[in-house]
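Residue-level structural notes
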Amino acid sequence: MSFSPRDFRDCLGQFATGVAVVTTRTGDGSKAGITINSFASVSLDPALVLFSVDQRAATHALFAGPCTRFCINILHQNQQAVSELFSAPGQDGWDNVSFEDDGHGMPRLTGALASFSCKRHAVHDGGDHSIIVGQVDHLVMGQTGDPLLYYGGRYRGLDRE
Ligand SMILES: Cc1cc2nc3c(=O)[nH]c(=O)nc-3n(C[C@H](O)[C@H](O)[C@H](O)COP(=O)(O)O)c2cc1C
């Protein structure tokens, strides 16, 4: 390998993305969520999307294990605090976010730009991550407005550098 992990991260950071929070519920009904920017569309028919989750993340065992349903919430520009809550260790964020049931028992975050309710379609090996592919069976177009962006290791907005 001709580059350092730092170089790799810096180069990856040149790819601007949106930010999403993937939510789920465990068997005992408790809620879990993780901030991701590895969201991608996969297939139109069937409707498939993916995200990758670090094997060291607390929620990895859920998304790669028993939690076969989840809701992917694309964050609005004004939801940076929500992103921060779900990228912090632990799951203390839930007291500070508003959500409703997505119709399948998963928490759909209020104020998101769009939400994809998914049934897990596949889990693929992704090195130190697992690639979770979801089949979308319900969509909600949420709040209108601009997306929260992530670029160069920082949050951005369409109207702020
Ligand atoms: C903008 C942003 C994007 C992130 N994208 C991912 C991702 O795609 N996959 C992932 O596993 N972690 C990602 N993370 C990190 C997780 O959100 C974070 O490591 C995790 O929630 C830490 O808490 P835990 O280990 O207690 O679950 C991202 C963090 C931020 C701030």
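Up top you'll find the structure we're talking about.
Report follows, based on the coordinates. Fair warning: this is a prediction, and the values are worked out from it, not measured in the lab.

Observations concerning helix α3 (residues 80-87)
- Buried within α3 are the following residues: Val82, Ser83 and Phe86. For α3, the angular spread of the buried residues around the axis is 100 degrees, confining them to a single face.

Observations regarding the layout of surface pockets
- Here the largest pocket defines a volume of roughly 1600 Å³.
- Surrounding the largest pocket, 44 residues form its lining, Arg9, Asn37, Ser38, Ser52 and His129 being those nearest its centre.
- Counting residues per element, the ones that place at least two in the lining of the largest pocket are α1 (5-12), β1 (17-18), β3 (31-36), β5 (48-54), α3 and β11 (149-151).
- The biggest single contributor to the lining of the largest pocket is α1, with 6 residues.
- Across the lining of the largest pocket, the residue classes break down as 21 nonpolar, 17 polar and 6 charged.

A few points about the site of the ligand
- Residues in contact with the ligand amount to 18 residues; listed here are only the nearest, Thr35, Asn37, Ser38, Ser52 and Asp54.
- Interatomic distance of 3.2 Å between a backbone N/O atom of Ala58 and an oxygen atom of the ligand.
- Separating an oxygen atom of the ligand from a backbone N or O atom of Gly90 is a distance of 3.4 Å.
- Contact with the protein chains hides 79% of the accessible area of the ligand, taken as 630 Å² for the molecule alone.
- Applying the majority rule of atoms within 2 Å of the grid points places the ligand in the largest pocket.
- Elements that contribute at least two residues to the shell around the ligand include exactly β3, β5 and α3.

Conventions used here
Residues numbered from 1 in each chain as written. Predicted model: local features only at pLDDT ≥ 70, side-chain atom pairs only at ≥ 80, totals over all residues. Heavy atoms only, no water. Buried < 20%, exposed > 50% of the residue type's maximum accessible area, 1.4 Å probe, protein only. Helix = DSSP H or I, 4+ residues; strand = E, 2+ residues; numbered from the N terminus. Arc of directions from axis to C-beta. 1 Å grid on protein atoms, 1.4 Å probe; cavity = no way out; pocket = protein on both sides within 12 Å on 5 of 7 lines; lining within 4 Å. Points joined across faces, edges and corners; volume = space filled by probe spheres on them. Nonpolar A, V, L, I, M, F, W, Y, C, P; charged D, E, K, R; others polar. Near = heavy atom within 4 Å. Polar contact = N/O pair within 3.5 Å; in protein donor to acceptor, adjacent residues only side chain to side chain. Areas by Shrake-Rupley, 256 points an atom, 1.4 Å probe, with all protein chains shown as cover. Sits in = over half its atoms within 2 Å of the grid points.

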